[in-house]
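Listed below, chain by chain, are the residues.
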Amino acid sequence: MKDRHIAMISTQGVIGTGLFLGTATALKEGGPVGMLLAYTVVGSLCYTVMISLGEMAAFLPIPGGHLTFAERFVDPAWAFAMGWLYCYNWIVILPAELSAASVVINYWNKSVNNAAWITLFLAVVVIINVFGAGAYGEAEFIFCSVKVITIVGLLILGIVLDLGGGPTHDRIGFRYWKNPGPFVHFDDIGGAKGRFLGWSAVMSQAAFSFIGTEVVAIAGAEVKNPRRSIPKAIRRVYVRLLLFYVGGVTIIGLLVPSNDSRLDLANGTAAASPFVIAISNAGIRVLPSIINAAILTSAWSAANSDLYSSSRALYGLALNGHAPRVFLKVTRHGLPWVSVAACGSIGLLSYMGLSSGSGRVFVHLQSRTAVAGLASWFGIGVTYIRFHRGLKAQGIDRKTLPYHSPLQPFAGWYAAIGCFLAMLFSGWFVFLKGHWATDTFVTNYLPLMLYPVLYVGAKLWKRTPLVPYKEMDFKTGLQEVLDASFDEPPSKHWIGRAWSWLVRSLFDICSTSS
């Protein structure tokens, strides 16, 4: 992959239906302020995870990413537990995004069976990944460019509509923060308890939106100059967090009331997207279809990233001896084709929506993957804490690393503790009297229970101790990466040079405004 690929993927690669569709559930359950607080808290966790991961990945951009780091800096049992949960997370996200894509299509046409759309989307995603990292990077660059333009346009349009610049000239301001109110009380439970429950219910949805930023570490081994590209990509992550997510949910909370009946993904159409609702309320007729086309692109893009990440995660597990060696099989171009085929086949789960409704399947799967993603973040935080101590024990100055953050090691501790608490409280409302739901309990707490079970099981099986700080391996594979690295020459064609200038300018503007 090229520098421009990793730059775009780091900020836009996994922006998908979590922001465009999932925010409908977040607004409905948490209210505008509850949703904003949830996205801000999860965004801070995401940022600390990324600067922790970025420090390791820029120093050692090796295959397997943070799964290999867990093997080297914690122990093989930790890598086993973390790897399989991470793989589970990405495998389940794929059918979730495919289900969401069929939901978007239903906005225009409900006469065609969703099986046809799911088959088409899955086939395209598999074909792109079959052509390898280069094709994945190029496709993501195009998809992400569309998403950048769409999100920036929606933010500007949202501000204009809120200030009364739409066809109806209705100045909304903070009207919906007052009525129906800033928070939604969970199940009509009054007071701070109801508001807290509503906010905690939104945390999982917010996590689903952010999960996947760590794909930068996995892609790092396939970048032409990782020690230069990864630090640049990590420094730009806050643009995505502040401008696109926090800015996006702020605009949504201003334009759409939390009690709008259309905020229901179970009805099976993309009309439930808060952005589409806001534009429809403003009386703009053509734009909703254009926005839905962009949402479809984002769902396709996210599914593309899901298959890439899951296949590389499975390959990394096999590389470290935690999965059958058949997943190590690669083509002569280095494509792990068995892993791609195995993970792509899980996309067939999206056909579950043919009977129960794709919207319902999307909501169910996003809850499953959010907690699994938080578990992976928790594992990354713990891995970084030991990485930091290992550098110190071996006398390696962090200032000599390609990327280092002044917030460490406190950011690593915040990520680990914060993610654990987010998992712990993700579904605690089921323990309230009269609110027990077995499916909700399993969805929210299965990954949390699996983590220690997998770790202890692998520990008993492998009987390997924690890696001593002075014996941590900071060298294997590094020289090969440095030898293979080279600076990408500037494009010889004027279109390529103009596009590179436009992308750099957009990032510079975003960085300055943030």
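Student: What's the story with the overall build of the chain in this structure? I'm lost.
Tutor: Of regular secondary structure, the chain possesses 21 helices and zero strands. Relative to its full complement of 514 residues, the chain shows a buried share of 58%. Element-wise, carbon and sulfur atoms account for 66% of the exposed surface of the chain, whose accessible area totals about 20,200 Å².

Student: Explanation requested: the confidence of the model for the chain in the structure shown.
Tutor: Low-pLDDT stretches of the model should not have their predicted coordinates read in fine detail. Summary statistics for the chain give a mean pLDDT of 79 and a share of 82% for residues scoring 70 or more. Confidence, expressed as mean pLDDT per element, reaches its minimum in the chain at helix H21 (residues 494-513) with 48 and its maximum at helix H18 (residues 410-424) with 92. Under a pLDDT of 50 for its full length, residues 505-514 has, in the predicted model, 12 contacts with residues more than four places off or in other chains.

Student: What is the right way to look at the environment of Ser280 in this model?
Tutor: Following the sequence through the fold, Ser280 ends up in helix H13 (residues 274-281). You can call Ser280 partly exposed: its relative accessible area is 34%. Filtering out sequence-adjacent residues up to four positions away, Ser280 remains in contact with Arg262 and Pro288.

Student: Could you clarify how one ought to interpret unusual backbone geometry in this entry?
Tutor: Leave glycine aside and you will find that most residues have negative phi; peptide bonds, for their part, are mostly trans. The amide bond that connects Asn179 to the next residue, Pro180, takes the cis arrangement and shows omega of 15°. With respect to the element layout, Pro180 can be found in the loop between helix H8 (175-178) and helix H9 (191-210). Pro409 follows Gln408 through a cis peptide bond whose omega is 5°. With respect to the helices and strands, Pro409 occurs in the loop between helix H17 (358-393) and H18. Of note in this structure, Arg463 is not a glycine but carries a positive phi near 55°. The residue Arg463 is located in the loop between helix H19 (438-462) and helix H20 (478-484) in this model.

Student: Explanation requested: the side chain of Glu55 in the structure shown.
Tutor: Looking at where Glu55 falls in the secondary structure, it is placed in helix H3 (residues 23-59). A distance of 3.3 Å separates a polar atom in the side chain of Glu55 from the backbone nitrogen of Ser405. Sequence-distant contacts of Glu55, that is, excluding residues within four places in its chain, are made with Tyr384, Phe387, Arg398, Leu401, Tyr403, His404, Ser405 and Gln408.

Student: Can you walk me through the pattern of salt bridges in this structure?
Tutor: Oppositely charged side chains can pair when the atoms bearing their charge come close. If you walk through the whole model with that rule in mind, you get three salt bridges. Across the salt bridge formed by Glu55 and Arg398, the nearest N and O atoms sit 2.8 Å from each other. Remark: Arg398 occurs in the loop between H17 and H18 and Glu55 occurs in helix H3; sequence separation between them is 343 residues. Judged by relative accessible area, Arg398 falls into the buried class, the value being 16%. For the salt bridge of Arg175 with Asp170, the shortest nitrogen-to-oxygen distance reads 2.6 Å.

Student: What is the right way to look at the packing of aromatic side chains in this model?
Tutor: The way to describe two aromatic rings as a pair is by their centre distance and the angle between their planes. All chains considered together, the criterion is met by 24 aromatic pairs. Geometrically, the ring pair formed by Tyr39 and Phe210 is tilted, given 5.8 Å between the ring centres and 55° between the ring planes. Pair noted here: Tyr39 is in helix H3 and Phe210 is in helix H9, with a separation of 171 residues, a long-range link. Each member of the pair Tyr39 and Phe210 is classed as buried. Ring plane angle 45° and centroid distance 5.5 Å describe the contact between Phe441 and Tyr445, whose orientation is recorded as tilted. Of this pair, Phe441 and Tyr445 both sit in helix H19, four residues apart, which is roughly one turn of that helix.

Student: Sorry if this is basic, but what is going on with the packing of H3 against H18 here?
Tutor: When two helices pack together, their arrangement is given by the angle between the helix axes and by the axis-to-axis distance. One way to put it is that H3 packs onto H18 with a least axis distance of 8 Å and a crossing angle of 130°. Our classification of the angle between H3 and H18 gives oblique. Between H3 and H18 lies a crossing of left-handed hand. Packed against H3, whose contacting residues are Val41, Ser44, Leu45, Thr48, Val49, Ile51 and Ser52, the element H18 presents Ala411, Gly412, Tyr414, Ala415, Gly418 and Cys419 at the interface. Among the residues making up the contact of H3 with H18, the classes are represented as eight nonpolar, five polar and no charged.

Student: For this particular structure, what's the right way to read H19?
Tutor: Working note: α-helix, 3.6 residues per turn, so residues spaced by three or four point in the same direction. Taking 1.5 Å per residue as the helical rise, H19 with its 25 residues ought to reach 36 Å, and the 34 Å between its terminal C-alpha atoms agrees with that figure. Along its length, H19 shows its largest kink, about 45°, at Tyr445, and proline Pro447 lies within four residues downstream of that point. Of the residues trailing H19, Arg463 is marked for its positive phi of about 55°.

Student: Could you clarify how one ought to interpret the state of the cysteines in this entry?
Tutor: Covalent bonding between the sulfur atoms of two cysteines is what defines a disulfide. Here the structure, examined in full by the defined rule, presents zero disulfides. Cys46 forms no disulfide, and the closest cysteine sulfur to it belongs to Cys419, at a distance of 9.1 Å. Take Cys343: it sits in no disulfide, and the sulfur closest to it among the cysteines is that of Cys87, at 4.9 Å. Of the residues examined, Cys343 reaches a relative accessible area of 1% and is grouped as buried.

Parameters at a glance
Residues numbered from 1 in each chain as written. Predicted model: local features only at pLDDT ≥ 70, side-chain atom pairs only at ≥ 80, totals over all residues. Heavy atoms only, no water. Helix = DSSP H or I, 4+ residues; strand = E, 2+ residues; numbered from the N terminus. Buried < 20%, exposed > 50% of the residue type's maximum accessible area, 1.4 Å probe, protein only. Areas by Shrake-Rupley, 256 points an atom, 1.4 Å probe, with all protein chains shown as cover. pLDDT = per-residue confidence, 0-100. Contact = heavy atoms within 4.5 Å. Polar contact = N/O pair within 3.5 Å; in protein donor to acceptor, adjacent residues only side chain to side chain. Salt bridge = Lys/Arg side-chain N within 4 Å of Asp/Glu carboxyl O. Phe/Tyr/Trp six-rings, centres within 6.5 Å; stacked < 30°, edge-to-face > 60°. Axes fitted to C-alpha atoms, helices over the stretch in contact; angles between N-to-C directions. Parallel < 35°, antiparallel > 145°, perpendicular 65-115°, else oblique. Left-handed = near helix turned anticlockwise from the far one by under 90°. Nonpolar A, V, L, I, M, F, W, Y, C, P; charged D, E, K, R; others polar. Expected span 1.5 Å × (residues − 1). Bend = angle between axes of the 7 residues up to and from the residue. Disulfide = S-S within 2.5 Å.

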